Every structure is written in C-alpha cells, then in structure tokens.
Amino acid sequence: MDLADLYRDVIVDHNRRPRNFGRLAGAIHSAEGNNPLCGDKLHVFLEMKDDIIRDISFEGTGCAISTASASLMSEAVKGRSRAQVADLFGSVHRMLTRHDAETDADLGKLAALAGVREFPMRVKCASLCWHTLNAALAGSAAPVTTE
Amino acid sequence: MAAVRVMRGHFDVERVRADFPVLARQVNGRPLAYLDNAASAQQPAAVIDAVAGYARAHHANVHRGVHTLSQEATALYEAAREKARRFINAASTTEIIFLRGTTEAVNLVAQAHGRPRLKPGDEILVSWLEHHSNIVPWQMLCGQTGAVLRVVPIDRRGVVDFDRYLAMLGPRTRIVALAHVSNALGTVLPIRAFLDAARERGIATLVDGAQAVPHLAVDVQALGCDFYAFSGHKMYGPTGIGVLYGRERTLEAMTPWQGGGDMILSVSFDGTTYNHLPHRFEAGTPNIAGAIGLGAAIDYLKAIGMERIGHHEQELLAYATARLADIPGLAFVGTAPEKSSLMSFTIEGVHPHDLGTVLDSEGVAVRTGHHCAMPVMEYFGVPATTRASFGLYNTRAEIDALREALLHAIRMLR
Ligand SMILES: Cc1ncc(COP(=O)(O)O)c(C=O)c1O
C-alpha cells in the first residue's frame, strides 16, 4: 500500500483549493449526500441548459479524497450532457472498484483517483459526489447516502 | 487452562505486552501501535487459551445434560458468573446476567423494566455525552410508551452539568441512564453523586460502564445503582459477551424480555413458569465460550490489579497530552479534569478520515469518525474526530509513533 499513490499531488491540490466550491446562485437542481460513517456532507448545485450542465458547484465538509473528487468532478462534467455524465461515472466507477481495469483514456485529471481502489474503505469517499450529482440530475429530493 | 501469575512490584509493560500475541505483528511494515482500545481491546493469551481450551475439552450445552461435558461446561460458565460478580462486587450471582454486550443490556432494561412501567409524560434522563446505545433504546421506549427523553447538558470541557442534572430530576423522572466514562471524550463522571441524587428521589438508575470497567475498579454496591452494564471486548475479553448487573429486588420485579429455553421452569399450553434469576433473563443457549473468555479476562485484570492499570494509563494520558499539545492546529475535544486514558482531537486542515489512513500506513491504529456519539460531535460542531485510546499494554514509544505519524500527515495533506 502506497500512500503517495492515494494522495497524489492533484488530489492534495484540489483538497487545498477546491474548484467550483460554494453555492451557485442560479442553481435549479441540487442534492445532498451524506457519508454517515465519517460524517461527511456534500451539497451539489447545478445550472442546466436543456440537457447540458451549464454550471456546477458544491459545498460541504469531507476528507481530502471526497473533497478532491467533488472538485475534479465539477471540472469534468461542466458542459457535458446527461448521457455523457452517465458514461463518465461508469468509467470512474470502474476505475475505483476494478483492479483489472485499464484506466479509461477519457478520464483526464479524474485518473488521479485511481489509487483509491487500493483502499477499499475510501471508495465511498470518492464516489459520494457522483451519487449526489446523479440525485441532483434526477431531481430527487431525498438525501443520498453511501450506506 | 493457563495459570495467571500475579504481578508484584512495579508495572512492567514489556511483560504485559508479551501476554498479547497480536502485539508482535507488523502492520504495513511497521510494528503495530494499537491505540483503538476504546473500540475493542486485544486479547491476552490467557483469554484465547481459555476459549480454545473450552472448545477442545469441555464444550456442551449448559444447564441441560447429566453427562460429564455438560456438567463441566455448566460449571465453567457459572464460575465465570462468579468471577464477574466479584469483579464488580455484586451481592450475588443472581444479579449477573450474561448478554451480548452493553447494547443488549440497555435494550433489556428499557424493555423489561421501562416498558411496563412508563406512562405518557414520564421522563427518562440521559446526558449529552452518551453512546448511541444509551440513547436509541430509550428513544424507542419513548415511542412505545409516550415517555419523554430529557438530556442533561455538557460544557465545553465535556463535563456533565451536575446542577442542571439536579434541577432536571423531577416528579416525573422514572429512569436515569448515564455513562460512567464517555467513549468519545474520556470524561469520567462523578457517578456516585449522580446516583445518590437519583436514589434519594426513588428513581431507577442504569450506568453504562462499557468504558469504565477496563480502567477502574467498580463496586456496584458502593455505587448503589439498579443496573450496571459492560462489554467483554473492551476489557480484553471476547466479543459477543457482556454483563448486565441488576439489583436483585429490581430484577425480581421485572417480567422477562425474551422467551425461550433456559428461562423457564416449566412450560405447558396452560401456562409457563419462569426460571429463577438470573436465568430468567438468559433465554436460549448463551455464549458459553464468550463467558468463559470473559472470566479469563477478569482473572487477568485482577492479577495485574486495576489500580496499577489505572496508574499506568493515566501516565500515558499525561504523556500523550503533553506530546500532542504542541502539534500545530491540533485541538483536543474533551478536556474534563477527570478523564480516562483516551484523547479525541481534530487537526485543522486535515480530515480525521485522511489522518486514519496515513496513521494506518505507519502501523498506528486509531479510530476516526463520530464514535457512535453523534450528539457529542454536534455539540462541538465537528463532523468527526480522531481518537487515540490507551490500554494497559501501550507504551510511550507508541505515543511517539503517533506523534510522528500525525506530523507526517500534516506535512503531506495541509
Ligand atoms: C460508552 C459505551 N457504551 C456502550 C457501548 C456499546 O457496547 P457494545 O457495542 O459492546 O454493545 C460502547 C462501545 O461501543 C461504549 O463505548
């Protein structure tokens, strides 16, 4: 187990200076996610134009993995359609959970999270933001949880 | 079964460590520094051997057969009950009920003592620092009976407000349920004073002793509580076994909680006669091996001496408090004047979950999260803390390792 592989520079940087952090004034979709195990809370805000995520932000408290993952996700999904986001989530999910999987080329900076799969207890930290994003896209009112 | 030697002279931590096989192992290439004792403590060889020895030579069901093994199993199981009785100085083994642990004990009291007695508007008093297992069973009971759960506040140090407690004891208070020692903050309650005030008013009392019995000598008769609950796995015994002490006259007035074998004298479809204490509250085949292991853990603690253990742990706590105090951005959560040997803390800019992972990579095991005490986290306005909890086998070197690992995490993540 190699810590440097988990806390890569990109992760540490996005944890220190999370991008798209805060509350989006024009948000029309939002959802809340909780990880009851560690008390993490995440709120995702979306501004949609038709099928496209025009803008996104997030707020909350979490560990470095969950904060960096949300920050990286917010950069990655901006300007993408629902279908593209679903594909991307599929790739991220494979990367986080499958040891055999090659990391998909289209992941870009999100590939920095590949080290998480060596730390099974931390997979939920990295995926919380994606589940919350899905809930926001689905317009679901109930908070999602990792448990 | 392994004989237990009595420790004389000064406390020799290296000799103690040699009794715990797991402490010899490495984690992630480093010597294990096990600082998660408040969650579950490790087992000495004497406990492991007692459990295995029972399985190898004496296993059978208890209280049921005339054959030799059943008699031996029954004798071992009941001998463990007598050890538990002496450990907390109960008046009689009829007052010692073996259960799964503290959680089951609180649930039993809520359902078998509380449920038939409580009326709408009656009050149950707990403190703000309770473990969820001393909150949720009472909330469930309130839902069933219309009783009201009231919460005695704590202050910024994590001390339960005694004056407010006195003021909250009222004509409708029926049950007071308090932790002896807080698992999230380490606060040791001056429990005698709390219990005296309740008893003077005729209120039933339960003490959650899960975090107390591994660290200090407990005398339930001196305390004068109605119920005292604890778990084996926090006092170097196995999981799945714990004790509910109940004062005999309080237990006698209770109806059974679960029905089944062992808790009856006779069963017919015309009516069933319940067994005597304590068996009335032990329905079904009990955790025989667990009880025997718990008995061995009690022997082990007694051979070393609770006073000696407490002294060693308090030294570790003082050392750790001093060693961690100058770590930049570290804030202790829980600074009561009287504390058991654990420290909860936060480090600015580093989430407890990340700390836990970095520490583990250096062989240091701590607990991170809400410690099953979410109201405590809410009170201090933190989502989670990191908790290092010390037991009788911990050393100053392990605290130094903790400090180094914390500094490493800060350099890496802040
Ligand atoms: C103070 C306290 N009470 C109750 C419990 C519950 O004990 P158990 O899980 O063994 O039932 C614990 C430990 O988890 C505890 O620390």
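Residues numbered from 1 in each chain as written. Chains lettered and ligands numbered in written order. Predicted model: local features only at pLDDT ≥ 70, side-chain atom pairs only at ≥ 80, totals over all residues. Heavy atoms only, no water.

Some thoughts on the sheet that holds strand β4 (residues 96-99) of chain B
All names here are of chain B.
Right, on to step 1. Taking strand neighbours across the sheet as the criterion, the 7 strands line up as β4-β10-β9-β8-β7-β5-β6 in an open arrangement whose pairing is mixed. Each end of this open sheet is capped by a strand with a single partner; those strands are β4 and β6 (148-152). Neighbour to neighbour, the strand axes of the sheet diverge by 20° on average, direction disregarded.
Right, on to step 2. In this structure, strand β5 (residues 123-127) lies alongside strand β7 (residues 173-179), joined through 3 bridges in parallel fashion. Bridge assignment links I124 to a residue of β7, and that residue is I175. (Pairing = 2+ DSSP bridges. Helix = DSSP H or I, 4+ residues; strand = E, 2+ residues; numbered from the N terminus. Axes fitted to C-alpha atoms, helices over the stretch in contact; angles between N-to-C directions.)

Considering the site of the ligand
Residues and elements named next belong to chain B.
Right, on to step 1. The ligand sits among T102, T103, H131, S133, N183, D208, A210, Q211, S231, H233 and K234.
Right, on to step 2. Residue Q211 places a side-chain N or O atom 2.7 Å away from an oxygen atom belonging to the ligand.
Right, on to step 3. H233 is positioned such that a nitrogen or oxygen atom in its side chain is 2.7 Å from an oxygen atom of the ligand.
Right, on to step 4. The residue inventory of the shell around the ligand, partitioned by class, reads 1 nonpolar, 8 polar and 2 charged. (Near = heavy atom within 4 Å. Polar contact = N/O pair within 3.5 Å; in protein donor to acceptor, adjacent residues only side chain to side chain. Nonpolar A, V, L, I, M, F, W, Y, C, P; charged D, E, K, R; others polar.)

Notes on the pairing of β5 of chain B
Residue and element names in this part refer to chain B.
Right, on to step 1. Taking burial as the measure, the 5 residues of β5 include 5 buried ones, the bulk of the element.
Right, on to step 2. Where burial is concerned, the two faces of β5 agree: the one with E123, L125 and S127 and the one with I124 and V126 are both buried.
Right, on to step 3. Strand direction decides the pairing type here: β5 and β6, joined by 5 bridges, are parallel. Considered in β6, the bridge of E123 is made with V148. (Buried < 20%, exposed > 50% of the residue type's maximum accessible area, 1.4 Å probe, protein only.)

Notes on the domain arrangement of chain B
All names here are of chain B.
Right, on to step 1. By the assigned domains, chain B splits into domain 1 (49-302) and domain 2 (305-413).
Right, on to step 2. On a C-alpha basis, the centres of domain 1 and domain 2 stand 29 Å from each other.
Right, on to step 3. The partner domain 2 presents 31 residues to the 30 residues of domain 1 that form the contact.
Right, on to step 4. Interface area, domain 1 with domain 2, both sides summed: about 2,500 Å², of which 59% is carbon and sulfur.
Right, on to step 5. Of all residues in domain 1, R156, L185 and H215 bury the most surface against domain 2, accounting for 24% of the area lost on that side.
Right, on to step 6. Our count for the domain 1 to domain 2 interface comes out at 0 salt bridges. (Domains from an automatic or database assignment. Contact = heavy atoms within 4.5 Å. Buried area = accessible area lost by both parts, 1.4 Å probe. Salt bridge = Lys/Arg side-chain N within 4 Å of Asp/Glu carboxyl O.)

What to know about helix α5 (residues 123-138) of chain A
Residues and elements named next belong to chain A.
Right, on to step 1. Taking 1.5 Å per residue, 16 residues should reach 22 Å; α5 reaches 23 Å between its end C-alpha atoms and fits that length.
Right, on to step 2. Among the 16 residues of α5, 12 are classified as buried, and the element is accordingly described as predominantly covered.
Right, on to step 3. All of the buried residues in α5 are V123, C125, A126, S127, L128, C129, W130, T132, L133, A135, A136 and L137.
Right, on to step 4. Downstream of α5 by a residue or two, G139 has a phi angle that is positive, lying close to 70°. (Expected span 1.5 Å × (residues − 1).)

Overview of the interface of chain A and chain B
Right, on to step 1. Counting residues at the interface gives 21 residues for chain A and 17 residues for chain B.
Right, on to step 2. Summing the contributions of chain A and of chain B, the shared interface buries around 1,400 Å²; its carbon and sulfur component is 59%.
Right, on to step 3. Linking chain A to chain B there are 1 salt bridge.
Right, on to step 4. Linking chain A to chain B there are 7 residue pairs in polar contact (both at pLDDT 80 or more).
Right, on to step 5. Among the elements of the structure, α1 (3-6), α2 (9-16) and α3 (64-77) of chain A are those that each provide at least two residues to the side of chain A that touches chain B.

What about the packing of helix α3 (residues 68-88) of chain B against helix α10 (residues 288-304) of chain B?
Residues and elements named next belong to chain B.
Right, on to step 1. For the pair α3 and α10, interaxial distance at closest approach is 8 Å and the crossing angle is 40°. Here α3 is positioned oblique relative to α10, judged by the angle of their axes. Note that α3 runs across α10; the crossing there is left-handed. Between α3 and α10, the residues in contact are A73, L76, Y77, A80, K83, A84, R86 and F87 and I288, A291, I292, G295, I298, D299, L301 and K302, respectively. (Parallel < 35°, antiparallel > 145°, perpendicular 65-115°, else oblique. Left-handed = near helix turned anticlockwise from the far one by under 90°.)

A closer look at the pairing of β4 of chain B
Each regular strand shows side chains that alternate between the opposite faces of the sheet.
Residues and elements named next belong to chain B.
Right, on to step 1. The side-chain alternation of β4 yields two buried faces, one formed by I96 and F98 and the other by I97 and L99.
Right, on to step 2. Here β4 runs beside strand β10 (residues 242-246); their pairing, made up of 4 bridges, is antiparallel. Counted as the bridge partner of L99 is G242 from β10.

Some remarks on the environment of A52 of chain B
Right, on to step 1. Looking at the element boundaries, A52 of chain B is found in helix α2 (residues 45-57).
Right, on to step 2. We classify A52 of chain B as partly exposed; its relative accessible area is 31%.

Some thoughts on the pattern of salt bridges
Right, on to step 1. With the rule as written, the count across this model stands at 29 salt bridges over all chains.
Right, on to step 2. Residue E82 of chain B pairs with R85 of chain B through a salt bridge whose shortest N-O separation is 2.9 Å. One end of the pair, E82 of chain B, and the other, R85 of chain B, are both in helix α3, 3 residues apart, so they sit about a helical turn from each other.
Right, on to step 3. Residue classification places E82 of chain B among the partly exposed residues on the basis of a relative accessible area of 26%.
Right, on to step 4. Residue classification places R85 of chain B among the buried residues on the basis of a relative accessible area of 17%.
Right, on to step 5. Ionic contacts of the salt-bridge type, sharing partners, join the residues D13, R17, R19, E75 and K109 of chain A into one network.

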